[in-house]
Amino acid sequence: MNIISLFSGAGGLDLGFIQAGFNIIWANEKAKKVKKTYEYNHPNTIFSNKDITLIPNEEIPSENIDGIIGGPPCQSWSVAGNMKGKVDKRGALIDDYLRVISHVRPKFFLFENVKGIISKTHIDDFNYLLTNLTNIGYSVSYKVLNAVDYHVPQTRERVFIVGFLSQLDIDFEFPRAKKNQISLRQALANLPPQKPFDREISTFDSNEYVTGTFSSIFMSRNRIRYAHQPSFTIQASGRQAPLHYSSPGMIKIQKDKFVFSGPIKDVRRLSVRECARIQTFPDDFQFIYSNINDAYKMIGNAVPVHLAKIIAETIKVYLY
């Protein structure tokens, strides 16, 4: 089944759908720093690096397209972002998502975003999206899914919307949570030794971690989970990456202030490859970057590959 991908990033969502047997024939992502990574790992997909707002309908494949997947940037809806919703130009990209769906009219679509999009602050924008999807001609289901419930080794809540053409008469149900959680020990097993990033000699092989001081924002919360636990959410920033479970614990000393329980020399953030493992990217997925934080950003912005695969497999069952 042929699908197109919007707001593709490095292609975590796309890879999950490929693993489920879908064929991604065209993908769009305007961030220039993901281009090499996406094209290297998805050589059979035509990749557009243009701003979606500048791409006319006639340039977007529309014949024999079964699905559209992707979600606009999350900063407009995230509590860690600007929370401006559709007022922000990134939030307004939901109109382009609607435009493409209306033009292509695939059998199904999948939309993903942060939980903040259904918060009280943004519920009107979310209902605007649902109403327009219905008016275009889709029966719509949505649910908050926590990746840890689907054999992804991190707690990560995101909103997923899945819609099918109304004439298909499909009453979609999201996949049920799986038994047993995957721990950090399981997820990070058999990796080579990880090393501190060195700007002068770095080979950018993904087995590197960001070094440096920890901001007051970082120290305002506990940032470490241990080997028997799943990770915290992987962030789109090396400086905000969770700590490796070998690090000393963090102790709360007052509101919004923690300290390390052991020597600072023993504290380290998760490496690029460790974050990729936690996001369930396979080890042969190559992140191509000239700045290490770009790698963390690509990984943190992605949909966990395994969760994407499980949702894709469920969608596939309804289509057959």
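Since the model is a prediction, treat every value here as computed from it, not as a measurement.

1. Re the overall build of the chain
Next up, step 1: In terms of helices and strands, the chain carries eight helices and eleven strands.
Next up, step 2: Over its C-alpha trace the chain gives a radius of gyration of 20 Å, about what one expects of a compact globule, namely 20 Å for 320 residues.
Next up, step 3: For the C-alpha atoms alone, the extent of the chain along its principal axes is close to 60 × 40 × 40 Å.
Next up, step 4: Of the side-chain charges in the chain, 39 are positive and 30 negative, and the distance between the mean point of each set is 7 Å.

2. As for the environment of Thr 314
Next up, step 1: Along the chain, the position of Thr 314 falls in helix α8 (residues 305-319).
Next up, step 2: Given the relative accessible area of 15%, Thr 314 is considered buried.
Next up, step 3: Once the C-alpha coordinates of Thr 314 and Phe 258 are considered, the two residues, 56 residues apart in sequence, prove to be 42 Å apart.

3. Here's the deal with the sheet that holds strand β1 (residues 2-6)
Next up, step 1: In space, the seven strands of this open sheet follow the order β3-β2-β1-β4-β5-β7-β6, with mixed pairing throughout. The sheet is open, and its two borders are formed by β3 (46-48) and β6 (138-146), each paired with just one other strand. Pairs of neighbouring strands in the sheet enclose a mean axial angle of 20 degrees, with direction left out of account.
Next up, step 2: With three bridges joining them, strand β4 (residues 67-69) and strand β5 (residues 108-114) adopt parallel strand pairing. Counted as the bridge partner of Ile 69 is Leu 110 from β5.
Next up, step 3: Of the strands in this sheet, β5, β6 and β7 (157-165) are in contact with helix α4 (residues 123-136), which crosses β6 at around 145 degrees.

4. Let's talk about a nonpolar patch on the surface
Next up, step 1: Together, Ile 251, Ile 253 and Val 259 make up an exposed nonpolar region whose accessible area comes to about 230 Å².
Next up, step 2: As for its placement among the helices and strands, Ile 251 is situated in strand β10 (residues 250-254).

5. Brief notes about the packing of helix α3 (residues 93-104) against α4
Next up, step 1: Packing of α3 against α4 brings their axes to within 10 Å, and their N-to-C directions diverge by 10 degrees. Relative to α4, the element α3 is oriented roughly parallel. Along its contact with α3, which presents Ile 94, Asp 95, Leu 98, Ile 101 and Ser 102, the element α4 presents Asp 125, Tyr 128, Leu 129, Asn 132, Leu 133 and Ile 136.
Next up, step 2: Tallied by class, residues from the contact of α3 with α4 come to seven nonpolar, two polar and two charged.

6. As for α3
Next up, step 1: For α3, which comprises twelve residues, the first-to-last C-alpha distance of 17 Å matches the rise-based estimate of 16 Å (1.5 Å per residue) to within 8%.
Next up, step 2: Those residues of α3 that are buried lie in contact with β1, β4, β5, α4 and β6.
Next up, step 3: Backbone geometry just downstream of α3 places Arg 105 in the positive-phi region, at approximately 50 degrees.

7. Thoughts on the side chain of Gln 154
Next up, step 1: Looking at the secondary structure, you find Gln 154 in the loop between β6 and β7.
Next up, step 2: Reaching out from Gln 154, the side chain makes a polar contact with the side chain of Arg 156 at a distance of 3.5 Å.
Next up, step 3: One polar contact links the side chain of Gln 154 to the main-chain amide nitrogen of Ile 234, over a distance of 2.9 Å.
Next up, step 4: Dropping the residues within four chain positions of it, Gln 154 is found in contact with Asn 146, Ala 147, Val 148, Pro 230, Ser 231, Phe 232, Thr 233, Ile 234, Ile 278, Gln 279 and Pro 304.

8. Considerations on the pattern of salt bridges
Next up, step 1: Tallied over the entire structure, the rule returns 13 salt bridges.
Next up, step 2: Residue Asp 294 pairs with Lys 33 through a salt bridge whose shortest N-O separation is 3.6 Å. On the criterion of sequence distance, the pair formed by Asp 294 in helix α7 (residues 292-300) and Lys 33 in the loop between β2 (23-28) and α2 (35-41) is long-range, its members being 261 residues apart.
Next up, step 3: Taking the relative accessible area as the measure of exposure, Asp 294 reaches 14% and is therefore buried.

9. Overview of the packing of helix α1 (residues 12-19) against α8
Next up, step 1: Running from N to C, α1 and α8 cross one another at 45 degrees; their axes reach a closest spacing of 7 Å. The pairing of α1 with α8 is recorded here as oblique in orientation. At the point where α1 passes α8, the crossing takes the right-handed sense. Across from Gly 12, Leu 13, Leu 15, Gly 16, Phe 17 and Gln 19 in α1, the residues of α8 making contact are Val 305, Ala 308, Lys 309, Ala 312 and Ile 315.
Next up, step 2: In the contact of α1 with α8, the residues fall into seven nonpolar, three polar and one charged.

Conventions we followed
Each chain has its residues counted from 1, following the order in which its sequence is written. Thresholds applied to this predicted model are a pLDDT of at least 70 for local features of residues and 80 or more for the giving and counting of side-chain atom pairs; totals over whole chains, interfaces and linings are not thresholded and use all residues. Hydrogens are left out, water is left out, and the side-chain values use all remaining heavy atoms of the structure. Each helix corresponds to a stretch of at least 4 residues labelled H or I by DSSP, and each strand to a stretch of at least 2 residues labelled E; elements are numbered beginning at the N terminus. We take the radius of gyration over the C-alpha atoms and set the globule estimate at 2.2 Å times the residue count to the 0.38 power. Only four residue types enter the charge count, namely Lys and Arg as positive and Asp and Glu as negative; His and the chain termini do not. One atom stands in for each charge, and that atom is NZ of Lys, CZ of Arg, CG of Asp or CD of Glu. Only protein chains enter the calculation, and the probe is 1.4 Å; a residue is then buried if its accessible area is under 20% of its type maximum, exposed if over 50%, and partly exposed in between. In short, DSSP must find at least two bridges between two strands for them to pair. The convention used is that axes are lines fitted to C-alpha atoms, helices contributing only their stretch in contact, and that angles between N-to-C directions extend from 0 to 180 degrees. For this analysis, residues touch if any pair of their heavy atoms sits within 4.5 Å. Here the term patch refers to residues with relative accessible area over 30% and no salt bridge, with like charges joined within 9 Å and nonpolar side chains (Val, Leu, Ile, Met, Phe, Trp, Tyr) within 5 Å. To be clear on the numbers: accessible area is Shrake-Rupley with a 1.4 Å probe, and residue cover counts the displayed protein chains and nothing else. We count a salt bridge whenever a side-chain nitrogen from Lys or Arg sits within 4 Å of a carboxyl oxygen from Asp or Glu. Any angle between 65 and 115 degrees counts as roughly perpendicular, while under 35 counts as roughly parallel, over 145 as roughly antiparallel, and the rest as oblique. Each residue is assigned to one of three groups, with Ala, Val, Leu, Ile, Met, Phe, Trp, Tyr, Cys and Pro labelled nonpolar, Asp, Glu, Lys and Arg labelled charged, and all others, Gly among them, labelled polar. Given the number of residues in a helix, its expected span is that number minus one, multiplied by 1.5 Å. Between N or O atoms, a polar contact is any pair within 3.5 Å; within protein, one atom must be a potential hydrogen donor and the other a potential acceptor, and residues adjacent in sequence are included only when both atoms are from side chains. The hand of a helix crossing depends on one turn: near helix anticlockwise from the far one by less than a right angle means left-handed, and clockwise means right-handed.

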